[in-house]
Amino acid sequence: MTPTPGLHVRAACRTLLNALQAAALAPQCVACHQPLEHPLLGPVCQTCWASLTHLIAPACDRCGAPLPSAAVRASAPDVAVRCSECERHERAIGRTRAALEYVGALRPIIHAFKFEARESLAVPLGARLRDCGGDLLAGAACTVPVPLHLWRRVSRGFNQAERLAHELGLPVVGALWRPHQTAPQSGLHADARQVNMRGAVAAAPWLRHAVRARYLEGQAVVLVDDVRTTGATLEACAVALKALGVQEVRALTVARTSAPVR
Ligand SMILES: [Zn+2]
Ligand SMILES: [Zn+2]
């Protein structure tokens, strides 16, 4: 017997209601997709938070690259340790620190934060930034979020770096902007990324003289971003901040990776 159209509609409605009920009553972890035991604690389960890989010393003080422990043992304990790349090249950034390795559950967590409007993840991610970057934040006059181009910011609804910066307890100064669109950095190699970022970041036209004089000129400031890949974006920001009279640029990111970010 052929079902009547009314039965089809009723079955579709029932399926839809079940789906809505499941979504409302059993939200899933954005990383492992298992039902959340404590959904009020946020969209990531405790198992996924506990699985994240913390970046621990030894690391290059300037760019944050992991170092063989032998290189650190060979240097005096109070001397900043640098990787061979940072020894060879002049950089505008003085110090860089990342909290976590960009692997495993952290990838979907950051993806959800940036692209699925999970702004609330700025709170737990910001806490990890504070934990790992206490000494970089100490003595700094302000934090400066790595800027997004205006159109990207509008389409995303927020700048993830700015949301993270607001978790760090220092004044947040939007000192920089991206005057023109650059090709997406993802998929580009390190050299191409540097070329792509050349001149891509500049002092924001809305930066007031009084703010510049108080928080930037002659000061140490902390650049904030979600993921450091080759460091090309952070370096472009640091060059722009130095041109504004900043004395020392430090950089703090949630994650660090050498693989292209997608
Ligand atoms: Zn999970
Ligand atoms: Zn280095």
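Residues numbered from 1 in each chain as written. Chains lettered and ligands numbered in written order. Predicted model: local features only at pLDDT ≥ 70, side-chain atom pairs only at ≥ 80, totals over all residues.

Looking now at the nonpolar core. Core analysis: the biggest nonpolar cluster contains 57 residues, and Ile-109, Val-221, Leu-223, Val-224, Cys-237, Leu-241 and Val-254 have the highest contact counts within it. Ranked by residues supplied to this core, first place goes to helix α12 (residues 232-243) with 7 residues. In this structure Val-224 touches Thr-143, Pro-145, Val-146, Ala-161, Leu-164, Ala-165, Leu-168 and Leu-252, once residues within four positions along its chain are discounted. (Core = buried A, V, L, I, M, F, W, Y, C linked by C-beta atoms within 7 Å. Buried ≥ 20, exposed ≤ 12 C-beta atoms within 10 Å, placed from the backbone. Helix = DSSP H or I, 4+ residues; strand = E, 2+ residues; numbered from the N terminus. Contact = placed C-beta atoms within 7 Å.)

With that out of the way, let us pick up the sheet that holds strand β6 (residues 248-256). Sheet architecture is open: 4 strands sit in the order β1-β6-β5-β2, paired in parallel fashion. Only two strands of the sheet have a single neighbouring strand rather than two, namely β1 (93-101) and β2 (142-145). Going from strand to strand, the sheet's axes swing by 25° on average, the running direction of each strand aside. Relative to β6, strand β5 (residues 220-228) runs parallel, the two sharing 8 bridges. Residue pairing in the sheet places Ala-220 in a bridge with Glu-248 of β6. Seen against the sheet, α12 touches β1, β2, β5 and β6 and runs at an angle of roughly 160° to β5. (Pairing = 2+ DSSP bridges. Axes fitted to C-alpha atoms, helices over the stretch in contact; angles between N-to-C directions.)

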